[in-house]
Amino acid sequence: MYKKVLTLDEFTIQQLRLFPHATGELSALLRDIGLAAKRIYAEVSRAGIADILGATGDTNIQGEEVQQLDLFANNQLIAVLRHGMSCAGIASEEMEDMVAFDDAVNNNSKYVVMFDPLDGSSNIDINIPTGTIFGIYRRISSPGAPCILTDFLQPGYRQVAAGYVIYGPSAMLVYATRRGVNGFTLDPAIGEFCLSHPNMVCPENGSTYSINQGYFFQYTSAVQQYLAFCQQGAKKSVGYSQRYVGSMVADVHRTLLKGGIFLYPATAAKPKGKLRLMYECNPLAFILTVAGGKATNGAASILHLLPASLHEVTPVYMGSANMVSALQGFFSASGEIC
Ligand code: P6P
């Protein structure tokens, strides 16, 4: 018996049918992002063949070397969102300032989108999974005029939807609204994202912790004690294993599916953390939280941090609720305020 598998387009339209009051703008936005993701994956999966590997010679606002594929991904997302009718403007890891799509149609759109177009792109040359991360907010400013910076500087809990696309052995788009988290795997035979992981839930517990052990002596004592707990746990056959891809989307995707905890603490070299609040931590924290997980900066929920600027960074600990809670116990015991 052939099992009907919904495509992303069919799923978003089905959601629209369930909520007749919806205007369809959010569904259209998600389909636009899915289209950009297919174009990005086509290039990422050809990176070794097409002349698109390597750096452009520029550095971005983060002071990081811009890879050619970063720019390609950034341009694909801007193109589909500007051409669509659901996005008033964007902010990107690759660009210092926000971009208002200042035209008669988009000025009346009610959403803005923030994204990291290709997270982990430094791993492309060695064929390690990378990803696109995005968060969607309802604009605060009045429609009819270009969107403004205030529309972007909102706490993560105000995201209407958030998601990522992981470009690995297959391309998979995962997105959350308040109604749940769903995963769509790209079927190359039909060129569509198909619903492969409905109603995703983050297990309450897991058996992996994910952190760059190389910075151990730069971490605070609470983090060091927690890592020792994870490692000693292994002796008590608790079975904690360390897994670290070095590509946030890949490490968080594994954590969402299998449980576990992902940690990127502050270090002596990066005392405020490395990962960006607005277009890395907030979208992934939203997804994990809707899926039943937790996400904190050590002192507060990631989703309740009030952003002061587009590119600010934060320490981040996210994953299985029970594992994040256990880590928070180490912060409380040490009296550490992040
Ligand atoms: P480190 C990739 O460069 C990235 O932004 C994230 O995807 C990843 O989690 C992190 O940095 C890795 O950083 O310091 O461990 O190399």
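Keep in mind that what you see is a predicted model, and the values were worked out from it rather than measured.

Help me out: how do you make sense of the pairing of strand β7 (residues 159-167) in this one?
Side-chain direction in a regular strand flips from residue to residue, so the side chains alternate between the two faces of the sheet. Of all the nine residues making up β7, nine are buried; the element is thus mostly covered by neighbouring parts of the structure. Relative to β7, strand β6 (residues 130-138) runs antiparallel, the two sharing eight bridges. Looking across to β7, one finds that Gly 131 is bridged to Ile 166. Here β7 pairs with strand β8 (residues 171-177) via six bridges, running antiparallel.

I tried to follow the environment of Pro 143 on my own but got confused; where do I start?
Structurally, Pro 143 can be placed in the loop between β6 and β7. Taking the C-alpha atoms as reference, Pro 143 lies 6.7 Å from Ser 109; in sequence the two are 34 residues apart. Residues contacting Pro 143, with those up to four places away along its chain left out, are Asn 107 and Asn 108.

I would appreciate a short explanation of the pattern of salt bridges in the present structure.
When their charged atoms lie close together, side chains carrying opposite charge are able to pair. Taken as a whole and judged by the stated rule, the model has six salt bridges. Salt-bridge contacts for Arg 276 lead to Glu 93; the nearest nitrogen and oxygen are separated by 2.6 Å. Here Glu 93 lies in the loop between β3 (87-92) and β4 (99-100) and Arg 276 lies in the loop between β13 (261-264) and α6 (277-290), a separation of 183 residues in the sequence. The same class applies to Arg 276 and to Glu 93, which are both buried. With its nearest N and O atoms 2.9 Å apart, the salt bridge here joins Glu 280 to Arg 276. For Glu 280, a relative accessible area of 0% corresponds to the buried category.

Is there a simple way to think about the domain arrangement of the chain in this case?
Much of the literature gives interface size as the accessible area that the parts lose upon coming together. For the chain, the assigned domains are domain 1 (8-200) and domain 2 (208-334). In this structure, domain 1 and domain 2 have C-alpha centres spaced 24 Å apart. Taken residue by residue, the interface counts 48 residues in domain 1 and 30 residues in domain 2. Taken over both partners, the interface formed by domain 1 and domain 2 buries close to 2,900 Å², and the fraction arising from carbon and sulfur atoms is 70%. In terms of surface lost to domain 2, no three residues of domain 1 exceed Ile 133, Leu 153 and Tyr 164, which account for 20% of the buried area on that side.

Honestly, the packing of helix α1 (residues 8-18) against helix α2 (residues 25-44) in this entry has me stumped. Any pointers?
Between two packed helices, the angle of one axis relative to the other and the distance separating the axes together describe the packing. Look at α1 against α2: their axes get within 9 Å of each other, and the N-to-C directions meet at 170°. By the angle class used here, α1 and α2 are roughly antiparallel. Contact residues: Leu 8, Asp 9, Thr 12, Ile 13 and Leu 16 in α1; Ser 27, Leu 30, Arg 31 and Gly 34 in α2. Looking at the contact of α1 with α2, its residues break down into four nonpolar, three polar and two charged.

Mind showing me how you'd approach the site of the ligand here?
If you check the shell around the ligand, you find 14 residues, and the closest are Asp 119, Tyr 215, Tyr 244, Met 248 and Tyr 264. For the ligand, an oxygen atom lies 2.6 Å from a polar atom in the side chain of Tyr 264. Relative to its free-state accessible area of 400 Å², the ligand is covered by the protein chains to the extent of 85%. Counted by class, the shell around the ligand contains six nonpolar, four polar and four charged residues.

Explanation requested: the packing of aromatic side chains in the structure shown.
Two aromatic rings are characterised by how far apart their centres lie and by the angle between their planes. Applying the stated criterion across every chain, the model contains 12 aromatic pairs. Taken together, a centroid distance of 6.5 Å and an interplanar angle of 85° make the contact between Tyr 215 and Tyr 219 edge-to-face. Ring-pair connections join several aromatic residues into one group, and the members of that group are Tyr 226, Phe 229, Tyr 240 and Phe 330. In this arrangement the basic side chain of Arg 179 is found over the ring face of Phe 19, its NZ or CZ atom lying 3.7 Å from the centre.

Would you explain the side chain of Asn 182 in this entry?
Among the secondary structure elements, Asn 182 is positioned in strand β9 (residues 180-187). The exposure class of Asn 182 is buried, given its relative accessible area of 8%. In terms of polar contacts, Asn 182 uses its side chain to reach the backbone amide nitrogen of Asn 199, at 2.8 Å. In this view, Asn 182 contacts Phe 11, Leu 173, Val 174, Tyr 175, Leu 195, His 197, Pro 198, Asn 199 and Met 200; residues no more than four positions away in its chain are not counted.

Hey, could you run me through helix α7 (residues 321-334) in this one?
It helps to recall that an α-helix has 3.6 residues per turn; residues three or four apart then point in one direction. Here α7 contains 14 residues, and its C-alpha end-to-end distance of 20 Å stays within 8% of the 20 Å for a straight helix at 1.5 Å per residue. Two residues or fewer past α7, Gly 335 is found with a positive phi of approximately 70°.

Mind showing me how you'd approach the UniProt feature "binding site: Mg(2+) 2" (unreviewed entry) in the chain here?
When the UniProt feature table is mapped to this numbering, "binding site: Mg(2+) 2" (unreviewed entry) covers Asp 116, Asp 119 and Glu 280. For the annotated residues, spread through 165 residues, the largest C-alpha to C-alpha distance comes to 8.3 Å, consistent with a single compact locus. One can find Asp 116 in strand β5 (residues 111-119). Residue placement: Glu 280 occurs in helix α6. Those residues in contact with Glu 280 that sit more than four places away from it in its chain are Glu 93, Asp 116, Asp 119, Ile 133, Met 248 and Leu 275. There is a polar contact of 2.7 Å between the side chain of Glu 280 and the backbone nitrogen of Arg 276.

Even after reading the chapter, I still don't get the packing of α2 against helix α3 (residues 68-83), so can you show me in this structure?
It is the contact of α2 with α3, at a shortest axis distance of 9 Å, that shows an interaxial angle of 155°. The orientation of α2 with respect to α3, classified from their angle, is roughly antiparallel. Remark: the crossing between α2 and α3 carries right-handed chirality. The segment α2 lies against α3, with Leu 29, Asp 32, Ile 33, Leu 35, Ala 36, Arg 39, Ile 40, Glu 43 and Val 44 engaging Leu 69, Phe 72, Ala 73, Gln 76, Leu 77, Val 80 and Leu 81. The class makeup of the residues in the contact of α2 with α3 is 12 nonpolar, one polar and three charged.

Definitions and cut-offs
Residues numbered from 1 in each chain as written. Predicted model: local features only at pLDDT ≥ 70, side-chain atom pairs only at ≥ 80, totals over all residues. Heavy atoms only, no water. Buried < 20%, exposed > 50% of the residue type's maximum accessible area, 1.4 Å probe, protein only. Helix = DSSP H or I, 4+ residues; strand = E, 2+ residues; numbered from the N terminus. Pairing = 2+ DSSP bridges. Contact = heavy atoms within 4.5 Å. Salt bridge = Lys/Arg side-chain N within 4 Å of Asp/Glu carboxyl O. Domains from an automatic or database assignment. Buried area = accessible area lost by both parts, 1.4 Å probe. Axes fitted to C-alpha atoms, helices over the stretch in contact; angles between N-to-C directions. Parallel < 35°, antiparallel > 145°, perpendicular 65-115°, else oblique. Nonpolar A, V, L, I, M, F, W, Y, C, P; charged D, E, K, R; others polar. Near = heavy atom within 4 Å. Polar contact = N/O pair within 3.5 Å; in protein donor to acceptor, adjacent residues only side chain to side chain. Areas by Shrake-Rupley, 256 points an atom, 1.4 Å probe, with all protein chains shown as cover. Phe/Tyr/Trp six-rings, centres within 6.5 Å; stacked < 30°, edge-to-face > 60°. Lys NZ or Arg CZ within 6 Å of the ring centre and 35° of its normal. Expected span 1.5 Å × (residues − 1). UniProt positions renumbered as here; feature names shortened; annotations may be inferred. Left-handed = near helix turned anticlockwise from the far one by under 90°.

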